[in-house]
Number of protein chains: 2
Amino acid sequence: MSVPRFLRLLDALRAAKLSGVAINPGPTLEYLTGLPFHLMERPVVLLINTAGKAILVLPQLEKGKLAASALPLSAFTYSDNPETWQTAFDQAASALELAGPTLGVEPNHLRVLELQYLQNAMPGVQFVSAEVVLAGLRMRKDPGEVAAMRQAVKIAQEALLTTLPFIQPGRSEKAIASELVSNLLRLGSEPALPFFPIVSGGPNSANPHATPSDRELAEGDLLVIDWGAAYEGYFSDLTRTFAIGPVKDEYRRIADLVLQANTAGRAAGKPGIPAGDVDRAARGVIAAAGYGEFFTHRTGHGLGREGHEPPYMYAENELILQPGMTYTVEPGIYLPGRSGVRIEDNIVVTDAGCETLSDLPRELLQLSP
Amino acid sequence: MSVPRFLRLLDALRAAKLSGVAINPGPTLEYLTGLPFHLMERPVVLLINTAGKAILVLPQLEKGKLAASALPLSAFTYSDNPETWQTAFDQAASALELAGPTLGVEPNHLRVLELQYLQNAMPGVQFVSAEVVLAGLRMRKDPGEVAAMRQAVKIAQEALLTTLPFIQPGRSEKAIASELVSNLLRLGSEPALPFFPIVSGGPNSANPHATPSDRELAEGDLLVIDWGAAYEGYFSDLTRTFAIGPVKDEYRRIADLVLQANTAGRAAGKPGIPAGDVDRAARGVIAAAGYGEFFTHRTGHGLGREGHEPPYMYAENELILQPGMTYTVEPGIYLPGRSGVRIEDNIVVTDAGCETLSDLPRELLQLSP
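Residues numbered from 1 in each chain as written. Chains lettered and ligands numbered in written order. Predicted model: local features only at pLDDT ≥ 70, side-chain atom pairs only at ≥ 80, totals over all residues. Heavy atoms only, no water.

*Asks:* Tell me about the overall build of chain A, residues and numbers included.
*Replies:* Broken down by element type, chain A carries nine helices and 19 strands. On C-alpha atoms alone, chain A measures out to a radius of gyration of 23 Å, which is about the 21 Å that the 2.2 N^0.38 rule sets for 369 residues. Along the first, second and third principal axes, the C-alpha atoms of chain A reach 70 × 45 × 35 Å. Here chain A holds 369 residues, and 60% of them are scored as buried. (Helix = DSSP H or I, 4+ residues; strand = E, 2+ residues; numbered from the N terminus. Rg over C-alpha atoms; globule rule 2.2 N^0.38 Å. Buried < 20%, exposed > 50% of the residue type's maximum accessible area, 1.4 Å probe, protein only.)

*Asks:* Give me the pairing of strand S5 (residues 102–105) of chain B: which residues, what numbers.
*Replies:* Walk down a regular strand and you will see the side chains alternate between the two sheet faces. Residues and elements named next belong to chain B. By the alternation rule, side chains of S5 split into Thr102 and Gly104 and Leu103 and Val105, which are all buried. Strand direction decides the pairing type here: strand S1 (residues 20–23) and S5, joined by three bridges, are parallel. Residue Gly20 lies in a different strand from S5, and its bridge partner there is Leu103. Of the strand pairs in this sheet, S5 and strand S6 (residues 126–129) are connected by four bridges, and their pairing is parallel. (Pairing = 2+ DSSP bridges.)

*Asks:* Describe in detail the packing of helix H3 (residues 85–96) of chain B against helix H4 (residues 112–121) of chain B, supporting the description with residues and values.
*Replies:* Residue and element names in this part refer to chain B. Contact geometry for H3 and H4: axes closest at 9 Å, N-to-C directions at 55°. Accordingly, the angle class assigned to the pair H3 and H4 is oblique. Every pair of crossing elements has a handedness; the one defined by H3 and H4 is right-handed. On H4, the residues touching Trp85, Gln86, Phe89, Asp90 and Ala93 of H3 are Gln116, Tyr117, Leu118, Asn120 and Ala121. When grouped by side-chain class, the residues that make up the contact of H3 with H4 number six nonpolar, three polar and one charged. (Axes fitted to C-alpha atoms, helices over the stretch in contact; angles between N-to-C directions. Parallel < 35°, antiparallel > 145°, perpendicular 65-115°, else oblique. Left-handed = near helix turned anticlockwise from the far one by under 90°. Contact = heavy atoms within 4.5 Å. Nonpolar A, V, L, I, M, F, W, Y, C, P; charged D, E, K, R; others polar.)

*Asks:* Now, about the sheet that holds S6 of chain B: what can you tell me, with residues and values included?
*Replies:* Residue and element names in this part refer to chain B. Spatial strand order, S4-S3-S2-S1-S5-S6: six strands in an open sheet with mixed pairing. Each having just a single partner strand, strand S4 (74–78) and S6 make up the two edges of the open sheet. On average, each strand axis in the sheet is inclined to that of its neighbour by 25°, with strand direction left out of account.

*Asks:* Residues and numbers for the domain arrangement of chain A, please.
*Replies:* Residue and element names in this part refer to chain A. Its domain assignment divides chain A into domain 1 (2–138) and domain 2 (140–366). Across the boundary between the two partners, domain 1 contributes eight residues, which contact nine residues of domain 2. Summed over both partners, the interface of domain 1 with domain 2 buries about 720 Å², with 35% contributed by carbon and sulfur atoms. Among the elements of the structure, helix H2 (27–33) and helix H5 (131–139) are those that each provide at least two residues to the side of domain 1 that touches domain 2. In terms of residue class, the side of domain 1 that touches domain 2 is built from four nonpolar, one polar and three charged. (Domains from an automatic or database assignment. Buried area = accessible area lost by both parts, 1.4 Å probe.)

*Asks:* Residue-level account of the relation of the copies chain B and chain A, with values.
*Replies:* The transformation that overlays chain B on chain A combines an axial shift of 0.0 Å with a rotation of 180°, and the residual RMSD is 0.0 Å. Such a combination of rotation and displacement between the chain copies is what one expects of a two-fold axis. Among all residues of chain B, the one whose C-alpha sits closest to the rotation axis is Arg111 of chain B, at a distance of 2.0 Å. The overlap is high: 100% of the interface residues of chain B also sit at the interface in chain A, so the same surface is used on both sides. (Least-squares fit on C-alpha atoms with pLDDT ≥ 70 in both.)

*Asks:* So what about the packing of aromatic side chains? Which residues, and what values?
*Replies:* Residues and elements named next belong to chain A. For the structure shown, the criterion picks out eight aromatic pairs over all chains. Plain terms: the ring middles of Tyr78 and Trp85 are 5.0 Å apart, the flat faces sit at 45° to each other, and that makes the pair tilted. Classification of Tyr78 as buried rests on a relative accessible area of 4%. Trp85 sits in the buried class, given a relative accessible area of 6%. (Phe/Tyr/Trp six-rings, centres within 6.5 Å; stacked < 30°, edge-to-face > 60°.)

*Asks:* Tell me about the packing of helix H6 (residues 143–163) of chain A against helix H7 (residues 173–186) of chain A, and please be specific about residues and values.
*Replies:* All names here are of chain A. Contact pair H6 / H7: the axes reach a minimum separation of 9 Å and the direction vectors enclose 130°. Considering the angle they form, H6 stands oblique to H7. For the crossing formed where H6 meets H7, the hand is right-handed. Residues Ile155, Ala156, Ala159, Leu160, Thr162 and Thr163 of H6 form the contact with H7, whose own contacting residues are Ile176, Glu179, Leu180, Asn183 and Leu184.

*Asks:* Give me the pairing of strand S14 (residues 326–329) of chain A: which residues, what numbers.
*Replies:* All names here are of chain A. Going residue by residue along S14, you find Thr326 and Thr328 tucked away on one face and Tyr327 and Val329 tucked away on the opposite face as well. Taken together, the four bridges between S14 and strand S17 (residues 345–349) define a ladder with antiparallel strand orientation. The partner of Thr328 across the bridge, within S17, is Asn346.

*Asks:* Please provide a residue-by-residue account of the environment of Leu193 of chain B, values included.
*Replies:* Residues and elements named next belong to chain B. Within the secondary structure, Leu193 sits in the loop between helix H7 (173–186) and strand S7 (198–201). Accessibility expressed as a relative area gives 18% for Leu193, which makes it buried. Distance in space between the C-alpha atoms of Leu193 and Ser236 is 9.1 Å, their sequence separation being 43 residues. When neighbours within four sequence positions are excluded, Leu193 is seen to be in contact with Val181, Leu184, Gly228, Ala229 and Phe235.

*Asks:* How would you summarise the interface of chain B and chain A if you had to cite specific residues and measurements?
*Replies:* Bring the parts together and some accessible area is lost; that lost area is often taken as the interface size. Between chain B and chain A, the residue contacts involve 36 residues of the former and 36 residues of the latter. Interface of chain B and chain A: buried area, both sides summed, is about 3600 Å²; carbon and sulfur atoms make up 56% of it. Broken down residue by residue, the surface that chain B buries against chain A is led by Glu41, Leu61 and His209 of chain B, which jointly contribute 16%. At the boundary of chain B with chain A, the tally comes to four salt bridges. Notably, a salt bridge pairs Glu41 of chain B with Arg298 of chain A, separated by 2.5 Å at the nearest N-O pair. Among the elements that take part in the side of chain B that touches chain A, H7 of chain B stands out by supplying six residues, more than any other. Of the residues belonging to the side of chain B that touches chain A, the class tally is 16 nonpolar, ten polar and ten charged. (Salt bridge = Lys/Arg side-chain N within 4 Å of Asp/Glu carboxyl O.)

*Asks:* Now, about the sheet that holds strand S4 (residues 74–78) of chain A: what can you tell me, with residues and values included?
*Replies:* In any sheet, the strands associate via hydrogen bonds between backbone groups, in a parallel or an antiparallel arrangement. Residues and elements named next belong to chain A. Judged by pairing direction, the sheet is mixed, and its six strands sit side by side in the order S4-S3-S2-S1-S5-S6 without closing on themselves. Because the sheet does not close on itself, it has two edges, and the strands there are S4 and strand S6 (126–129). If you compare each strand with its neighbour and ignore which way they point, the axes differ by 25° on average. Relative to strand S3 (residues 54–59), strand S2 (residues 45–49) runs antiparallel, the two being bridged by four bridges. The residue of S3 that forms the bridge with Leu46 is Leu56.

*Asks:* Go over the pattern of salt bridges, please, and point to the residues and values.
*Replies:* Where charged atoms from two side chains of opposite charge come close, those side chains can pair. Enumeration over the complete set of coordinates arrives at 50 salt bridges over all chains. Residues Arg240 of chain A and Asp345 of chain A are paired through a salt bridge, measuring 2.9 Å at the closest nitrogen-oxygen approach. Taken together, the residues span a long stretch of sequence, with Arg240 of chain A in strand S11 (residues 238–243) and Asp345 of chain A in strand S17 at a distance of 105 residues. Taken individually, Arg240 of chain A and Asp345 of chain A each receive the classification buried, so the pair is uniform in this respect. Linking Glu158 of chain B and Lys154 of chain B is a salt bridge whose minimum nitrogen-to-oxygen distance equals 3.6 Å.

*Asks:* Give a detailed account of unusual backbone geometry, specifying residues and quantitative values.
*Replies:* Look at the link from Pro310 of chain A to Pro311 of chain A: it is a cis peptide, with omega at 0°. Tracing the backbone through its elements, the reader meets Pro311 of chain A in strand S13 (residues 309–313). Even without glycine at this site, Glu97 of chain A takes up a positive phi of about 50°. Summarising the element assignment, Glu97 of chain A is placed in the loop between helix H3 (85–96) and strand S5 (102–105). Positive phi is not limited to glycine here, since Glu232 of chain B has a value of about 50°.

The structure is reproduced here in structure tokens:
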């Protein structure tokens, strides 16, 4: 367990008047302990009280992993028979000696499975969201975390450049996505990618969350590729749009608009302003050109150990940016049934402003003669 | 939405005296609707009542996906501003017109995030586990589902054979795992693999849930590879153990024992017996040879749209096997700090007995001269 992070967590819990937290497998568990657990049908929960006692409930089978923990964790284990699981939670709850009635949880990660075992083990305890507390802990990245993200950006950029010659008319979205994943892994990405790449050509590019299909690229297509790499548990998340041969003038025009919006959004970040300002900077460019209704999503999202995490870049978000916060800027224009463009970069807020971690060319590159 | 599955669900809900179900993104949502949604920070919930009304709460951004649904779904959408999310849930709850006070949920999938929105939207409603109801629906695979699993096995086997020449002393576990993933994708696996392969050599093979490391293979190692493919949403999950050059006699002996246990476990399945019998058949072989304490996990787990799903193969499980149930048989022996062996196959229960879907040789193959 990372001692400074653990001490910051205890301070934050006390400040938020929480008696402790319960964390299941996910980014916060790894952030605090460094221990890799998968979310499975067998519940794993880390319990921490404000006195600094840390207890892990886990399957007997996984107990070997505890040796990698830097700080001592008490462990309560159970067998493969689910009838033994509640007992392990009861023992852990008793050993935790919670000093107050409120236990923080992560609503985006804790499942009803773990909640029910905890509720049974701790009658009278209230389970409340610790999202703000934990986001406050994880949002501001330290230099080591930013260095890992920088490396994740580097791997992603190299993987895309290696994949470009493979992108030709007749190749399917699925084949291109698989080739890109192979290159990501070969070039050093960890296997737990932030997501499987979006590769969407022609009309599919008008769907911002398209899944790669069997559709083959054709001349005149726009092609959106949204991909990322993982390094030391930290993610990159980039998007570039390409032209497959010559494309319509309107497509070139929206690509130019999105580039201007991306530039404005990337320039807007600095300490002391609300996250919403970044959204307004990018959205303003597209709205002023009359395409506002076709930019159908927020300008970006926080990025780190999660593909999407705070701070979220939507107009109403009054969260104040601070040095070390990391997020995406990814404006897009989507013409339903026809074509879409998105250009996405990764940003870190600095003491004076912000820095873009990614530097692949952003202009619409024509990939086929 | 699959109409026969939907009607079977309604019957099962009525039989279980549930007024409806709430399903978030995961295998059951895809099983029922065919719609691919990812688990994200934006909640997506499918609500169904016993009268057959089906309602989806989802981000406005994702609304385009509904066109792919075969049956009409009412949709309530929300914007990127989280303050709008509860309203969508309130509207959906009102439209659902639940006829009774109990709503089924999936404890292994529903998060506190969705639960809180649902609880706020439906005061007085009790949220109870629908795990048994939904497992009953999904455990018995139809011929189309078994055919998809058969194809997932075929892809996985071909990918391993293609990877074998890459496996040599000096190659790292991570490099071998990445090469195997590349081959899985090239040979037709869907990108949503059941899991990233376990490739564990030498002492690492003694950890059944090892993560591929930078350790390089060396002569005398045992090498455990546990991998799977995805096809039409269905998974395979196989394990084979290899010898890197000549290995100790004891390692050959445990490999032979595990093979006998695998054979006994594979032969045991048939309709009408408890799942625990399969565990006892495999475990008995290893225990009789004096290695019982080194077989530290259950003999297997159900397999389908999830990497782990019911039925679970542990001694105490009295669940009765029925035709169409699919599961793994994967006994192992793990000598702590030294070496491990596991041999895993995928089984489908037939009318008369069971069939093993996988047929790669199971003997300890020596990969290096």
